[in-house]
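Residue-level structural notes
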Amino acid sequence: MFSPGIIGTVHRTVGGGGGLEERRIGERFKLALPVQLKNGTGTTCDISTSGIFFETESAYAIGDMIRLFLNFEDETLQCEARVVRVEQLDGQFGVAVELKSYVFC
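Residues numbered from 1 in each chain as written. Predicted model: local features only at pLDDT ≥ 70, side-chain atom pairs only at ≥ 80, totals over all residues. Heavy atoms only, no water.

1. Let's talk about the overall build of the chain
What counts is decided by this rule: Labels follow the DSSP assignment, with helices taken as runs of H or I lasting at least four residues and strands as runs of E lasting at least two, numbered in each case from the N terminus. Only protein chains enter the accessibility calculation, which uses a 1.4 Å probe; a residue is then buried when its area is under 20% of its type maximum, exposed when over 50%, and partly exposed in between. Note on definitions: a residue-residue contact is assigned when non-hydrogen atoms from the two residues lie within 4.5 Å. For the area figures, the Shrake-Rupley method with a 1.4 Å probe applies, and any residue is considered shielded solely by the protein chains shown.
Scanning the chain from terminus to terminus reveals zero helices and eight strands. Overall, the chain shows an N-to-C arrangement of helices and strands of β-β-β-β-β-β-β-β. The burial tally for the chain puts 35% of its 105 residues in the buried class. Excluding contacts between residues fewer than 6 apart, the proportion of contacts in the chain whose partners are at least 24 apart in sequence is 39%. Surface accessibility of the chain: about 6,600 Å² in total, with carbon and sulfur atoms responsible for 51%.

And the structure:
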């Protein structure tokens, strides 16, 4: 699991750009937290109440349902999510998920 005391920094991000229509439901915040996945680990890039974008070495397909765990200082957020976008990055994958449910545990 994760080391205790991991703290992320939250910054509001600006939406849209380059002529693309903003389709996100919730306000996004830049937040770098470790992500625990069934097949590995990753790091969040941004997060909102409706979705998360994270980087990982694991490949996913659009439509995959996944479970991920985010470790906040004293609690862990367990999320059930659907993959909505995958980007190939330098040796890793950028994965955007739509949150279906989440609970602190």
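2. A look at the pairing of strand β8 (residues 92-104)
Selection criterion: Two strands are counted as paired when DSSP detects at least two bridges linking them.
With six bridges connecting them, strand β5 (residues 51-56) and β8 associate as antiparallel partners. Paired with F53 across the strands is A96, a residue of β8. With 12 bridges connecting them, strand β7 (residues 76-89) and β8 associate as antiparallel partners. Bridged to Q88 within β8 is F93. Between the antiparallel neighbours β7 and β8 lie two residues, among them G91 with a positive phi of about 75°.

3. Regarding the environment of R28
Position of R28 among the secondary structure elements: in the loop between β1 (11-12) and β2 (29-30). Spatially, the C-alpha atom of R28 lies 8.7 Å from that of I52, the residues being 24 residues apart in sequence.

4. Points about the pattern of salt bridges
Rules: Any Lys or Arg side-chain nitrogen found within 4 Å of a carboxyl oxygen on Asp or Glu counts as a salt bridge.
In total, this model carries five salt bridges according to the counting rule given. The partner of R28 in a salt bridge is D46, and the shortest N-O contact between them spans 3.7 Å. With a gap of 18 residues between them, R28 in the loop between β1 and β2 and D46 in strand β4 (residues 40-47) connect regions that are remote in the sequence. Like R28, the residue D46 is buried in the burial classification. For E87, the salt bridge goes to R85, with nearest N and O atoms at 2.9 Å. Take E87: its relative accessible area is 30%, and that puts it in the partly exposed class. A cluster of three or more residues bridged by salt bridges with shared partners is formed by R82, E98 and K100.

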